[in-house]
Amino acid sequence: MAVVDLTNLNLPGTAGAISPRRRRGRSVASQVGRGIAILVPILVISSFITYSLGALSNSNPAATILGQDAATPAAVAHLDKVLGLDKPLVVQYWDWLTQAFQGHLGTSYFTGIPVSQSIAQRLPVDLSIAILAVILAVLIGGTAGTIAAVRRGGLFDRGVTMVCSAVSTLPAFVVGIILVVIFAVTWHLLPANGYVGPTGGIWPWLEHIILPSLALALQVAADIARQLRTSLVSVLEQNYITGARVRGLPYRRILLRHALRNAAGPALVILGNDFPLMLAGAVAAEVVFSLPGLGQLLLEAAQSRDIPVAQGVLLVVSAFVIVVNLVVNTLLNVLYRTGDGIVS
Amino acid sequence: MSKRTSIFGPRSVLRLPSAKIAVVILAAVIFLAIFGSALAPQNPLTINANALFQGPSAQHLLGTDYLGRDVLSRLMAGTRLSVFTAFEAVAIGFVLGGPLGIATVFLGKWFDFAANRVFDALMTLPSIFFAVAATAALGNGLVQAMLPIGILFSPYFFRITRAATLEFARAQYVEAAELLGASKLHVIRVHVVRKVLPTMAVTTAGLVAGALLTVSFLTFLGIGVQPPAPTWGGVLSSELDYLSNAPWAPLIPGALIAITVGACNALADALRDRTSAGTFAPVIDPVIKTHSTLQALEVANERQSAA
Amino acid sequence: MNGNPPPDQVLGLEDLHVTVHHGAATAVSGVTLSVHTGEIVGMVGESGSGKTLTCRAALGELPAGCAVSQGTISFETNNVTDLSRRGWERLHGTGIGAVFQDPSSYLNPSLSVGSQLTEVLRVKQRLPRREAHRKAIELFTVVGLRQPERVFHQVPAELSGGMLQRVMIAIAISCGPRLLIADEATTALDVTIQAEIIELLRDLRDQRGLAVLFVSHDLAVIRELCDRVVVFYAGEVVESGPVEEIIERPRHPYTQALLQVASVGDFSRRELRVIPGQPPQVGAHISGCRFAERCPAAIDACRAAAIDLVRLGPRHQSRCVRANDPELADVLETELAAR
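Since the structure is predicted, the reported quantities are computational estimates derived from the model, not experimental observations.

Draft legend 1. Molecular detail of the overall build of chain C. Scanning chain C from terminus to terminus reveals twelve helices and twelve strands. The C-alpha atoms of chain C give a radius of gyration of 21 Å, which matches the 20 Å a tight globule of 339 residues would have. With the C-alpha coordinates of chain C rotated into their principal frame, the extents come out at 70 × 45 × 45 Å. With 339 residues in all, chain C has 46% of them scored as buried. Nonlocal contacts in chain C, meaning residues at least 24 apart in sequence, comprise 64% of its contacts between residues at least 6 apart.

Draft legend 2. Layout of the overall build of chain B. On a plain count of helices and strands, chain B comes out with eleven helices and zero strands. The linear arrangement of helices and strands in chain B, starting from the amino end, is α-α-α-α-α-α-α-α-α-α-α. For chain B, buried positions account for 48% of its 307 residues. When contacts within chain B are restricted to residue pairs at least 6 apart in sequence, those whose partners lie at least 24 apart make up 71%.

Draft legend 3. Structural detail: the nonpolar core. Of all hydrophobic cores here, the largest spans 263 residues; its most connected members are A:L298, A:V313, B:A133 and C:L213. Ranked by residues supplied to this core, first place goes to helix α10 (residues 251-289) of chain A with 22 residues. Beyond its immediate stretch of four places on either side in the chain, B:A133 contacts A:L53, A:L298, A:A310, A:Q311, A:V313 and A:L314.

Draft legend 4. Examining the sheet that holds strand β5 (residues 78-79) of chain C more closely. Residue and element names in this part refer to chain C. Spatial strand order, β2-β1-β4-β5: four strands in an open sheet with antiparallel pairing. Two strands lie at the open edges of the sheet, namely β2 (25-36) and β5, each paired on one side alone. As paired elements, strand β1 (residues 9-20) and strand β4 (residues 67-75) share seven bridges and run antiparallel to each other. Its bridge partner lying in β4, H17 is registered against Q70. Relative to β1, helix α1 (residues 51-59) is tilted by about 120°, and along the sheet it contacts β1, β2 and β4.

Draft legend 5. Examining the confidence of the model for chain B more closely. Residue and element names in this part refer to chain B. Per-residue confidence for chain B averages 74 on the pLDDT scale, and 78% of its residues sit at or above 70. Per-residue pLDDT, averaged within each element of chain B, yields its smallest value for helix α11 (residues 292-306) (49) and its largest for helix α3 (residues 71-106) (85). Scored below 50 in pLDDT, residues 1-8 makes seven contacts in the model with residues more than four places away or belonging to other chains. Below pLDDT 50 for its whole length, residues 281-296 participates in 30 contacts with residues either more than four positions away or in separate chains.

Draft legend 6. Expanded view of the pairing of strand β8 (residues 211-216) of chain C. Residues and elements named next belong to chain C. By the criterion of burial, β8 is predominantly enclosed, with six of the six residues buried. In terms of strand pairing, strand β7 (residues 179-183) meets β8 through five bridges, oriented parallel. Counterpart to L180 in the pairing with β8 is V212. One crossover worth recording links β7 to the parallel β8 by way of helix α7 (residues 191-208), and it is right-handed.

Draft legend 7. Just the sheet that holds strand β3 (residues 40-44) of chain C, in detail. All names here are of chain C. Taken together, eight strands build an open sheet; the order of strands is β6-β7-β8-β3-β9-β10-β12-β11 and the sheet is mixed. Either end of the sheet is taken by a strand with one partner, and the two such strands are β6 (96-99) and β11 (310-313). On average, adjacent strands in this sheet sit at an angle of 20° to one another, irrespective of strand direction.

Draft legend 8. Layout of helix α4 (residues 129-142) of chain C. All names here are of chain C. Spanning 14 residues, α4 covers 20 Å between terminal C-alpha atoms, matching the ideal 20 Å at 1.5 Å per step. By the burial criterion, the buried members of α4 are A132, A136, L139 and F140. Projected down its long axis, α4 shows its buried positions confined to an angular sector of 100°, all on one face. The outward face of α4, more than 90 degrees from its buried face, is lined by the exposed residues R130 and E138. Among the structural elements, α3 (113-124), α5 (148-152) and α6 (161-173) are those in contact with the buried residues of α4. Of the residues trailing α4, G144 is marked for its positive phi of about 90°.

Draft legend 9. Structural detail: the confidence of the model for chain C. When the pLDDT values of chain C are averaged, the result is 86; 92% of them are 70 or greater. Two numbers describe this predicted complex: its pTM, 0.74, and its ipTM, 0.84.

Draft legend 10. View of the pairing of β7(C). Residues and elements named next belong to chain C. The element β7 is extensively covered by neighbouring structure, given that five of its five residues are classed as buried. Judged by which residues are buried, β7 turns out to be covered on both faces: L179, I181 and D183 on one side and L180 and A182 on the other are all buried. Pairing of β6 with β7 involves four bridges; the strand directions are parallel. Across the sheet, residue G97 finds its bridge partner in β7, namely L180.

Draft legend 11. Molecular detail of unusual backbone geometry. Residue and element names in this part refer to chain C. Non-glycine residue E76 carries a positive phi angle of around 50°. Considering the arrangement of structural elements, one finds E76 in the loop between β4 and β5. For E76, a count of 15 C-beta atoms within 10 Å puts it in the partly exposed group.

Draft legend 12. How the structure looks around the packing of α3(C) against α6(C). All names here are of chain C. In the contact formed by α3 and α6, the axes pass within 9 Å of each other and the chain directions differ by 10°. Judged by the inter-axis angle, α3 sits roughly parallel to α6. Seen along the crossing, α3 lies across α6 with a hand that is right-handed. Facing V113, Q116, L117 and V120 of α3, the residues of α6 in contact are V167, A170 and I171.

Draft legend 13. Spotlight on α3(B). All names here are of chain B. Here α3 spans 53 Å end to end across 36 residues, near enough to the 52 Å set by a 1.5 Å rise per residue. Largest kink in α3: about 30°, centred on G78. At the exit of α3 stands G108, carrying a positive phi of roughly 100°.

Draft legend 14. Local environment of the environment of C:R249. On the secondary structure map, C:R249 appears in the loop between α9 (243-248) and α10 (253-262). For C:R249, a count of 16 C-beta atoms within 10 Å puts it in the partly exposed group.

The rules we used
Each chain has its residues counted from 1, following the order in which its sequence is written. Chains carry letters from A onward and ligands carry numbers from 1 onward, assigned in written order. The model is predicted, so local features are restricted to residues of pLDDT at least 70 and side-chain atom pairs to those at 80 or more, both for listing and for counting; the totals for chains, interfaces and linings are taken over all residues. For helices the rule is a DSSP run of H or I covering at least 4 residues; for strands it is a run of E covering at least 2, with both sets numbered from the N terminus onward. Atoms counted for the radius of gyration: C-alpha only. Globule rule: 2.2 Å times residue count to the power 0.38. Neighbour counting defines burial: a residue surrounded by 20 or more other C-beta atoms within 10 Å of its own C-beta is buried, one with 12 or fewer is exposed, and intermediate counts give partly exposed, using backbone-placed C-beta atoms. Contacts are defined on C-beta atoms placed from the backbone: any two residues whose C-beta positions lie within 7 Å are in contact. A set of buried residues drawn from Ala, Val, Leu, Ile, Met, Phe, Trp, Tyr and Cys, joined through C-beta atoms within 7 Å, is what defines a nonpolar core. Paired strands are those between which DSSP finds at least two bridges. Fitted lines through C-alpha atoms give the axes, limited to the stretch in contact for helices. The angle between two N-to-C directions lies from 0 to 180 degrees. Scored from 0 to 100, pLDDT reflects the predictor's confidence in each residue. Seen with its strands pointing away from the viewer, a crossover is right-handed if its path from the first strand over the helix to the second goes clockwise. A helix is expected to span 1.5 Å multiplied by its residue count minus one. The arc refers to the directions leading from the helix axis to the C-beta atoms. These descriptions rest on fixed angle ranges, namely under 35 degrees for roughly parallel, over 145 for roughly antiparallel, 65 to 115 for roughly perpendicular, and the rest for oblique. The crossing is said to be left-handed when, going from far helix to near helix, the turn is anticlockwise and less than a right angle, and right-handed when the turn is clockwise. Throughout, bend refers to the angle between the axes fitted to the seven residues that end at a position and the seven residues that start at it.

Pasting the structure below:
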C-alpha cells in the first residue's frame, strides 16, 4: 500500500554508520537538493519547448510589431537585429532564459508593457484561487474520505462513492457554471463575477473567490476522497492499528496519527498530480467568473498572437507545476521516513 | 497456447454492464460524428429572431439558443469537430510516442536518457496552457490547437511501448518459450496481443476522454471556434453569457460532454479490470523521480485492485 | 511460593464460548482458566484449536464477526465481558499488555520505534517529553536492547525480529500492566533469540510479579517458560495443570500425542510422528469427546455424551473419561509404537 521505496536500509550493526537522527536530517535536505537537481533539466527542457513555440510561428514578430505599413524589409531586418531575432534559436533561447531568471520576461508586442509586470499584476488572482482551492479540496476530500472509510459500508460511504463518481466526470468549468447558476443567478447569494483583492477588504475578497475556488476544488476533492477512502480502509485493516489499540491509545489519536498519516500518501500524490488540472480549471474559472487572471492574459495573447506574453505565462505556470511537484515529493519524504528517506 | 475464455479477454469486457452502456454511448457519438450534420433536424446555422431562448418543444427538442438556433442540431453538428480533433490528438500522441518508445531501447543509453527527460518535461507542462500558448504561435484553429495536445499525449505512449519493449527484451519467459520450442515471432505476437494491446487500449480510452474534455474546454475558451460553426464547448460558452435568460441551458451541452467522457472512462476501467492490461512494472530508473510517484501510485493501485 | 497466601487472580475466564462468522459456529466452548500474579500460564494447541480466539477475547480484540456468546471474562476483580470500547481503551496498556507473533507488522512502519513508545508514555501516563524519553531508554535497557539510544530513532524496518519483539515487550509493559498476553510471541524468532526472550519474560515475572498468558504451539518453549499449561483441542480445554506434571505424566491422549510429536519429555525422537487424522471442523456437532475419532484409546463411553473435566489434583484437570485409568499411558505407548 505504501508508496515508498525501501532502498538502502541502514542495517543495525553496520560499522561506522552515522547515528540515525543525524542521517535522516541530512537526507531531507539532500532530498530537496536532489529533487531540485533533477527538476532543473526538466525545467530547462520544458522552457525550451515553450520558447521554440515562438520559432514555429509563421508570423514574423518584427513585422507584427511594426505594423502592416511600416514593415518594409529593411525595417524588419533592422528590428530583427535589435530584438535579437537573427541569432540562432538556441542562443535566443539562452538569452531569454537567463533574462527570465533575473525577472525579465520580455515585452509584449502590442502593449509594450513588460511581460513580468503583466504577470505580476495578475498572479495574485490565480494564487488566491489556487491556494483556497487546494485548502478546500483537502478539507472536503479529506473529511469525506475519512468518514467514508471509518463508517465503511454505511450510508455515508455509499453516498460519497456515488457523488465522487459523478463529480469526477464533470470538468471544472461545468461545475463552475452549475455553481454560478445556483448561487449567483438563482439565489443571488454570491457575486457571479469580478475580483476584489484582499486590500479591498477580506470579506469581499473571500466572497469573490469562494465560488471559483469551489469549482476548482470539487473535482480534486472527489479524487482525493476516493483515494483516501481506499487507502484508509486498507490501512485500518493492518496489524499496527491493532497494535496501537492494544496499547490503549485513544481512537481519535490512532486515526489521525497512525492511520491517516500512512494513508494520506497516495492522496497527496493525487493532489500533486491533479494540480495542473486545477490550473487548467483556473483558466475556465476566470472565463466563467470574469476574473482578471493569467488565463485571461494568455487567451488575449493567443488571440493577438502576442508571443512573448504567451511564452512568459507558460514559463511561469510550468515552473509553478514543477515547484508543486517538488513540494509534494518532499512532503511524502517527511511523512514516510524510511531508512534513507528516499521516496521514489 | 490455448484460447482463454471467460474471465479475461476482450470479449469478457463486454459482459460488464457499464462497458455495454459505454460502448453503446460511444457508438452513438461516433455515429453522430460521421452523420451528425446530415441527420440534424434543422439547419444549425439558421437564425430565427422570433424564437429566442425557447424551452424544449416539439419543433426544437432541446430548445433554442440566443439567436434562435436549434440547440439539438447544433450539438449534433458540433460532434464531428469535437470528436475528430480528439482522435487527432490521440493519434498524434501515438505516432510521436509509440515508435520512439520502441526505438529508445535500442539506441543506446544516452538517447534513452535524453528521451526520458524530454518526455518527463512534456508531462509537466499543463495541457491547456500549452495549447493556448501554442495557438499564439500557430494561429487560432482547432487543428493547430490539438497538435500540442497530441504532443503532450506522446509521453504516455512512449512509456508503454518502452516498458513493453524493455520487459520483452529482458523477460525470462522469452527464453523459456524459445527453449520450449516457440518461435520468437510467436512469443512477440502473444506478448503484444495479451499485454501490450490491452494496455494501449486502456490508455487510448483514457486519453480520448481527456482529449474530448480538452477540446470542449478549448472551444469553450474560444480557441478554434470559427463562429458560427458549432462545437460542444462553443455552445456551452455562448449560453454562459445569457444565464439570466436561460439558467438551465448550459446543462445540456455539459451533460453531453460529461456523458461521453464518462463513457470513455468507464470503457477504460472495464478494459483494465477484465484484461491483463495495466502499467508495466516501472523499470526503476533511479534518475527519474518526478513522475515515478505517479508510476508507483499506479502500480500500488494495480496491486490493490488485483488483491 | 509455598506457605504464602494464594496470589491474586489477574485474569479469569469462566465457561467462555466464542462464536464466529456472526454466530454461525462456535469456535470456543466452555473454556475456563485463570492466571494469577507472578504466574506464567501457557496455552498450547494446533492452529484452529481456539487458543488465539480465547486470548483475543481476553484482550477485547475479537475480529469482526466473532463474539462472546456465553461465559464471563474477569480482570482482577472486574467483570470485563461486556466492557465498552472506552473501557478497553482504559484497560489496555495500564492493566493488560499484549505482544504478538510478527512484531514488525504491529508497529507503525513510518515512525521510529522510540517515538511509538514515548507516545504511549505521554498519552497514558501524561509524562512530559523529556521524562518519557528517559523512561523509554530505561525500558529499552530493561528488555535487553543494547545501544538503546540508537535504537530509539530507528524505524521498524531497520531492526531485526528479536529486537522488534523486545521493543514490543517494552511498549507492552511500559505502563505497568499486571497481565501480559503473548500470542505466539516467540514463534517467528530463531532459537537463540527465542531463548533470550523467554529469559526476559521470566525476569519480568520475577522482578515485577507480571502475570503472563503465553500462547504457543511449541511445547518445548512452554516447558521452558510456563508454570502451568492449558491444552486446547477443537475449541475446548482438554487438559490443564502444572507444566512439569503434565509433561511427566499427561492424562489426556491428545496431550500425550502432542508430547510424542514434539519429542518433549520422556519420548525421544526416533522417527517423525504425526497424529493421524484432522481436527473437526469449527462448529461441527460431535457427541462425546472431540478427539475420539483420532484417539487410540477411545472406548464407547467416549462417544456417548459430552465429557466433563475430571479433577486430577488441586490444579490439574483432564477432559477424558479414562483420565484416572492407570493403564492409559501404556495403551497409548503401545498403540503408537504399533503404527
